[in-house]
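Per-entry structural report
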Amino acid sequence: MTAVRSVGVVGTGFAGAAAAILLAEAGVEVDLFDAKTDVGALGSGITIQGNACRALVRLGVWDEVRQHSYPFEELGLRAPDPAATVIAVIPDVKTGGPDLPATIGMYRPDLARILVERAEALGARIHWGAKVENLSQGDDDVELVWQDADGLQRRRFDLVIGADGLHSTVRALLGIDVQPRRNGMGIWRAFVPRPAEVTRTDLVYGGPCYIAGYCPTSEDRIYAYLVEDAQDRTTLPPEEQVATMRRLADAYHGPWDEIRASLGEDSRVNYTWFTEHLIDGPWNRGRVVVIGDAAHSCPPTIAQGAAMSLEDALVLVELLVAADAVDDGLWQRFSERRLPRARTVVEASSQLANWLLAHDRDADVPGLVRRVATLVGQPA
Ligand SMILES: Cc1cc2nc3c(=O)[nH]c(=O)nc-3n(C[C@H](O)[C@H](O)[C@H](O)COP(=O)(O)OP(=O)(O)OC[C@H]3O[C@@H](n4cnc5c(N)ncnc54)[C@H](O)[C@@H]3O)c2cc1C
């Protein structure tokens, strides 16, 4: 028995696409809305942990993801010295179980495309260029209002899922007054050729940046990143962005010498601020629920944002498909399964960032990372 026959999903990111896949697979009629005009090719790389890989298996996309990604099993720590001395190589915890890689790196637009194509293949109707602007709840359904090229449209659904990211319109329409807060850090990212010696993520804590890191995404490519104090970089023209990233990278060596040399205007250099927030209570109001970044965000210090978004979708649809009705019991079960886990991830990610901001050298980073890995190693 499924508690719903039709669902409107707002947002085609990881959370929305995952929810659409599972709902469509369960025979539910799904309409997926996105303000973007297509799946897009913006962005560079993403680090996906084992527990997210386990979710991708459940979504039926693992084989394709594996073909388009770069797996690795350990994390390197290097010093900000001229030799980029390797201080430690730490085996990654296999949070997705023994049969999956501990971590994969991937070109982010590939993952987005694979998920959306799967949802579409299973019958989800995708509405590109459809910006959701309003909703109203009846006793047994929700009317969703969106704007597209033909003007204002409306349709009723048994349930609406707001998977519309950090600055969620659905969250605001529900009157949930929680906003992402900037945590004080900004990140430069670039997508560049893979130096032959880069076969895993290496992190440097220290030097002019809080973190200098990279992650292989394929045999040919990596994404590299530098985390600094958040600044307004929005007015920098593209060539200045490249020059700034190159300047900050000057202090880092080993593979960074090659990375720095290959930085150019085709490197998709991009600057973003870190945020954190959590809806510390129910994520629904009536028959409308928010998941993914709409419900929580954190600095990507332990790379769990995508995993949490996918897991939110998995748990929500599992409960919806097993339930007879959309009632308080359903939402309570959803909260019990998701809120403590999301809170642990948000708090740990923020704690790690705060230690870096405070230059705390006594912080127990390995202990914190191990604690989170043990938690997320358990199925959601
Ligand atoms: C700098 C940075 C690096 C990160 N690195 C990692 C990493 O390495 N690993 C990791 O696991 N996580 C990482 N994350 C976190 C991860 O990217 C997010 O947690 C994840 O993408 C959230 O997915 P989502 O589906 O919830 O939201 P989104 O991907 O933001 O999708 C929301 C969608 O909703 C659409 N939308 C918004 N408003 C409307 C509207 N009104 N109507 C219709 N559509 C709308 C948008 O167009 C968008 O497509 C990183 C985050 C940042 C900021």
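Report on the accompanying structure. (Residues numbered from 1 in each chain as written. Predicted model: local features only at pLDDT ≥ 70, side-chain atom pairs only at ≥ 80, totals over all residues. Heavy atoms only, no water.)

1. As for the sheet that holds strand E7 (residues 103-107)
Spatially, E3-E7-E4 is the arrangement adopted by the three strands of the open sheet, whose pairing is antiparallel. A strand with exactly one partner marks an edge of an open sheet, and here the two such strands are strand E3 (45-49) and strand E4 (69-72). Each neighbouring strand pair of the sheet contributes to a mean axis angle of 20°, computed without reference to strand direction. Examined bridge by bridge, E4 and E7 share four bridges and lie antiparallel to one another. Among the inter-strand pairings, Tyr70 is bridged to a residue of E7, identified as Gly105. Strands in contact with helix H4 (residues 108-121) are E3 and E7; relative to E7, the strand with the most contacts, it is inclined by about 90°. (Pairing = 2+ DSSP bridges. Helix = DSSP H or I, 4+ residues; strand = E, 2+ residues; numbered from the N terminus. Axes fitted to C-alpha atoms, helices over the stretch in contact; angles between N-to-C directions. Contact = heavy atoms within 4.5 Å.)

2. Observations regarding the site of the ligand
Within the structure, the ligand sits among 30 residues, and Asp34, Thr47, Arg108, Asp293 and Ala306 are positioned closest to it. Within the backbone of Val132, a nitrogen or oxygen atom sits 2.9 Å from a nitrogen atom of the ligand. Within the contact set of the ligand, an oxygen atom lies 2.8 Å away from a side-chain nitrogen or oxygen of Asp293. Alone, the ligand offers 1000 Å² of accessible surface; in the complex the protein occludes 84% of this. Of all elements in the fold, only helix H1 (14-25), strand E2 (29-34), E3, strand E9 (131-137), strand E13 (181-193) and helix H8 (305-322) reach the threshold of two or more residues within the shell around the ligand. A per-element tally of the shell around the ligand places H8 first, with three residues. Grouping the constituent residues of the shell around the ligand by class yields 14 nonpolar, nine polar and seven charged. (Near = heavy atom within 4 Å. Polar contact = N/O pair within 3.5 Å; in protein donor to acceptor, adjacent residues only side chain to side chain. Areas by Shrake-Rupley, 256 points an atom, 1.4 Å probe, with all protein chains shown as cover. Nonpolar A, V, L, I, M, F, W, Y, C, P; charged D, E, K, R; others polar.)

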